[in-house]
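Each chain, letter by letter, is given below.
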Amino acid sequence: MRLPAIPAPLLALLLLVPVHSRADPAKTRRAATAPGPAARRAEPTVALDRALERRMDAILAEEMQRQELPGAVVAVVRGGMVVAKKGYGEKRRGGGERPDSATVFHIGSLSKALAAVGVLTLVQRGQLGLDVPAARYLPELPPAWRAITVRQFLAHSSGIGDKVGQPATWQEALAGYAGVPLTFAPGTRTDYTNFNYAVVGRLVESASGRPFVTFMREDVWGPVGMVDTGYPATSRNLATGHEWKKGAWREMLPEPQGLYGVPSGFLSTTLDDLVRLHAALERNVALDARIVARLAEAAFGLELRALGEEG
């Protein structure tokens, strides 16, 4: 049986979206665990297709003009090989410097897809159960949520709706959501919310005994060579996001109210790192085939749907 294809966000396109550019630019992020044999097995094979690159140039030129995009980086993977990889436009509007595959971007809601890899890593190790109530690992969850499973949080089928407001801590967020009635019975449908992945991040911390970013860097990103992925963005090679506000383009510098929100939307990465992760998943280096199938089913497909709704 052919497994579901790894979805496009791990293949291809990062637009110039916000990065946390106020971090100390003198620092560079490196994995706590040096890349080893897994990273060598996951290193993508490159065989550039110049004809495809010319077609890509034409498409990007048209789309960037139509959507007023300052820049983008794109990779195309075909049959397990990187056949195109290129940067376009500017890393910062008006800056003149072109982004490349090592440019660090803030990836917004695609952070959830990376967080899902962390959860499935723990599931594969037997430290989390997909169909176990999340309250077994997070006893602070309110009574109304006691039956909601890890899978249901991962797949946005918990029934917990989005709440207006920006609480500063996990405890404040939990208190704010706890009194809100479920919008549907858990598992009966899906409804994309950022809070689901705040819970996912806490599940990673509870099961691993480490902060979310520390676990991900040491056990997920580092072993497959993703040395420029994490939070906050600290590389000199940063892309800056922009928004149209009051008749002018303005830089966006997003910061989470609390670190509990990082897994849902505040990670940063590079195109090179995403291509490495894609190769690691395709080759069953990061996760075995059975778990990759669950990952595609439970998280990435829903993430693509959510991104389509966000536009």
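Quantities reported herein were computed from a predicted structural model and do not represent experimental measurements.

Here we come to the confidence of the model for the protein chain. Reading fine detail from the predicted coordinates is not recommended where pLDDT is low. Here the protein chain averages 83 in pLDDT, while 83% of its residues score no lower than 70. Mean pLDDT across the secondary structure elements of the protein chain bottoms out at strand E1 (residues 13-15), with 37, and peaks at helix H7 (residues 212-221), with 97. Note that pLDDT drops below 50 for residues 1-32; the model gives that stretch 111 contacts with residues more than four away or on any other chain. Within the model, pLDDT remains below 50 along residues 301-311, and this stretch shows 17 contacts once partners closer than five positions in the same chain are excluded.

Looking now at the pairing of strand E6 (residues 241-245). Note on strand geometry: in a regular strand, side chains alternate between the two faces of the sheet. Sheet topology note: the E6/strand E7 (residues 248-252) ladder contains five bridges and is antiparallel. Within E7, the residue paired with Trp244 across the bridge is Trp249. From the end of E6 to the start of E7, which pair antiparallel, there are two residues, and Lys246 there has a positive phi angle of about 55°.

Another aspect to go through is the environment of Asp219. Relative to the elements of secondary structure, Asp219 occurs in helix H7. Linking Asp219 and Thr121, residues 98 residues apart in sequence, is a C-alpha distance of 8.4 Å. Within the local environment of Asp219, its side chain forms a polar contact with the side chain of Arg210, the two groups lying 2.9 Å apart.

With that out of the way, let us pick up the pattern of salt bridges. Within the structure shown, the criterion is met by 15 salt bridges. Linking Arg50 and Glu53 is a salt bridge whose minimum nitrogen-to-oxygen distance equals 3.0 Å. A residue pair is termed a helical-turn pair when its members lie 3 or 4 positions apart in one helix, as Arg50 and Glu53 do in helix H2 (residues 50-67) at three residues. In this structure, the salt-bridge partner of Glu205 is Arg202, at a minimum N-O distance of 3.5 Å. Here Arg202 and Glu205 lie together in helix H6 (residues 194-208), a separation of three residues that amounts to about one turn. A residue is classified by how much of its surface remains accessible, and Glu205, at 25% relative accessible area, is partly exposed.

Parameters and conventions
Residues numbered from 1 in each chain as written. Predicted model: local features only at pLDDT ≥ 70, side-chain atom pairs only at ≥ 80, totals over all residues. Heavy atoms only, no water. pLDDT = per-residue confidence, 0-100. Helix = DSSP H or I, 4+ residues; strand = E, 2+ residues; numbered from the N terminus. Contact = heavy atoms within 4.5 Å. Pairing = 2+ DSSP bridges. Polar contact = N/O pair within 3.5 Å; in protein donor to acceptor, adjacent residues only side chain to side chain. Salt bridge = Lys/Arg side-chain N within 4 Å of Asp/Glu carboxyl O. Buried < 20%, exposed > 50% of the residue type's maximum accessible area, 1.4 Å probe, protein only.

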